[in-house]
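# Inside the fold
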Amino acid sequence: MELNLDRYMQQTKLISAEQAQQVINNLDKVAWQDFDYKGPENICVQDNPIIPYQVCDMEEPDLAKQIDRVVDSYITDFLKDIPWFSYWNGKTRFYWIKYPTGSSGMGVHADHVRNIFDGTRRGIPTLTVLGLLNDDYEGGELEFFQKTKIKPKQGECLIFPSVFLFPHEVLPITSGTRYSFAVWIW
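Residues numbered from 1 in each chain as written. Predicted model: local features only at pLDDT ≥ 70, side-chain atom pairs only at ≥ 80, totals over all residues. Heavy atoms only, no water.

### Considering the packing of aromatic side chains
For clarity, the cut-off: Any Phe, Tyr or Trp ring, taking Trp's six-membered ring, that has another such ring centre within 6.5 Å forms a pair; planes under 30 degrees apart are called stacked, those over 60 apart edge-to-face, and the others tilted. Going along the chain from the N terminus, every DSSP run of H or I of four or more residues is numbered as a helix, and every run of E of two or more is numbered as a strand. A simple rule labels every residue: compare its accessible area, found with a 1.4 Å probe on the protein chains alone, to the largest value its type can have, and call it buried under 20%, exposed over 50%, or partly exposed in between. Any Lys NZ or Arg CZ found within 6 Å of a ring centre and within 35 degrees of that ring's normal is scored as a charge over the ring.
Taken as a whole and judged by the stated rule, the model has 11 aromatic pairs. Ring geometry for Trp 32 against Tyr 179: centres 6.2 Å apart, planes inclined by 70°, an arrangement best described as edge-to-face. With a gap of 147 residues between them, Trp 32 in the loop between α2 (17-27) and β2 (33-34) and Tyr 179 in strand β13 (residues 178-185) connect regions that are remote in the sequence. Under the relative-accessibility criterion, Trp 32 is labelled buried at 17%. Considering the side-chain rings of Tyr 53 and Tyr 99, the 5.3 Å spacing of their centres and the 45° angle between planes classify their relative orientation as tilted. Of this pair, Tyr 53 sits in the loop between β2 and β3 (54-56) while Tyr 99 sits in strand β4 (residues 95-99), and the two are 46 residues apart along the sequence. Given the relative accessible area of 3%, Tyr 53 is considered buried. Ring-pair connections join several aromatic residues into one group, and the members of that group are Tyr 8, Phe 144, Phe 145, Phe 160 and Phe 166. Cation over ring: Arg 7 sits above Tyr 8, and NZ or CZ is 5.2 Å from the ring centre. Over the ring of Tyr 137 we find Lys 151, and its NZ or CZ is 4.3 Å from the ring centre.

As structure tokens, then:
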């Protein structure tokens with residue numbers, strides 16, 4: 001088993017820039033709220049920042065189908081030499097995240113999210129799909145292991161294991177607004 005980021009993280013095109021912009025336009029029509037750092041969804045090990053990131057709820061069925069496509073490809077093509085990891089059982093709803101200028105980002109964490117399981121579904125996610133809807137902002141890179149910085153382009157997503165072995169953070173936003181989402185696979 002190789003213990004490196006390149007072996008288990010795939011950066012891939014999810015949707016076109018036009019499709020990504022349409023999702024942003026739809027998101028700008030819904031109500032955003034500051035993330036509740038004291039609530040059960042806080043997976044981050046940071047204090048309540050001065051400028052928090054924001055979250056909202058919105059269905060996006062076409063994008064959900066694209067998630068299925070890239071996860072299937074990740075497992076069957078990208079990890080083809082790992083035959084024992086050959087399927088997935090489900091995915092969460094979209095967790096839409098907006099980081100305004102001045103946001104401190106999201107502190108170091110691993111996507112060991114347990115609150116998505118309600119007793120009927122039990123466990124932890126195995127994969128994270130992190131999508132970027134725009135790239136016209138400064139800062140906001142995704143940093144793994146507090147040393148490897150990645151800034152996906154508009155419409156791209158990263159797929160990587162959700163376990164504690166892949167700690168990451170979103171660096172502060174210095175200019176513009178960063179629109180992204182996370183979907184967790186189990």
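### Here's the deal with the environment of Glu 156
Using the following cut-off: Contacts between residues were defined by any pair of non-hydrogen atoms, one from each residue, lying within 4.5 Å. Polar contact is defined as a pair of N or O atoms within 3.5 Å, subject to the rule that within protein one atom must be able to donate a hydrogen and the other to accept it, and that residues adjacent in sequence are counted only when both atoms are side-chain atoms.
Along the chain, Glu 156 turns up in strand β10 (residues 156-161). Judged by relative accessible area, Glu 156 falls into the buried class, the value being 15%. For Glu 156 and Thr 12, which are 144 residues apart along the polypeptide, the C-alpha to C-alpha distance reads 5.5 Å. Not counting the four nearest positions on each side in its chain, Glu 156 is found in contact with Gln 11, Thr 12, Lys 13, Leu 14, Leu 130, Gly 131 and Leu 132. A polar contact is formed between the side chain of Glu 156 and the backbone nitrogen of Lys 153, at a distance of 2.9 Å.

### As for helix α3 (residues 61-78)
Using the following cut-off: What a helix is expected to span follows from its residue count: subtract one and scale by 1.5 Å. The directions from the helix axis to the C-beta atoms are what the arc is built from.
The terminal C-alpha atoms of α3 lie 25 Å apart, and with 18 residues this matches the ideal 26 Å at 1.5 Å per residue to within 8%. Of all the residues in α3, the buried ones are Leu 63, Ala 64, Ile 67, Val 70, Val 71, Tyr 74 and Ile 75. Buried residues along α3 cover an arc of 130° about the axis, so they all sit on one side. Projecting away from the buried face of α3 at angles above 90 degrees are the exposed residues Pro 61, Asp 62 and Lys 65. In this fold, the buried residues of α3 make contact with α1 (5-8), β1 (10-13), β4, β6 (127-132), β10 and β13.

### Points about the side chain of His 109
Checked against the element boundaries, His 109 lands in strand β5 (residues 106-109). For His 109, a relative accessible area of 7% corresponds to the buried category. Looking at His 109, its side chain comes within polar contact range of the main-chain oxygen of Gly 107, at 2.7 Å. In this structure the side chain of His 109 is engaged in a polar contact, spanning 3.2 Å, whose partner is the side chain of Asp 111.

### With respect to the pattern of salt bridges
Our working definition: We define a salt bridge as a contact between a side-chain nitrogen of Lys or Arg and a carboxyl oxygen of Asp or Glu at a distance within 4 Å.
In this structure the tally under the stated criterion is three salt bridges. Among the salt bridges present, the one from Arg 93 reaches Asp 57, with a minimum N-O distance of 2.9 Å. One end of the pair, Arg 93, is in the loop between α3 and β4; the other, Asp 57, is in the loop between β3 and α3, and 36 residues separate them in sequence. Looking at Arg 93, the relative accessible area reads 38%, which means it is partly exposed. Looking at Asp 57, the relative accessible area reads 55%, which means it is exposed. Close ionic contact of Asp 68 with Lys 91 constitutes a salt bridge, the shortest N to O distance being 2.7 Å. Placement of Asp 68 in helix α3 and of Lys 91 in the loop between α3 and β4 is noted, with a sequence separation of 23 residues between them. By relative accessible area, which is 25% here, Asp 68 ends up partly exposed. Note on Lys 91: relative accessible area 25%, which makes it partly exposed.

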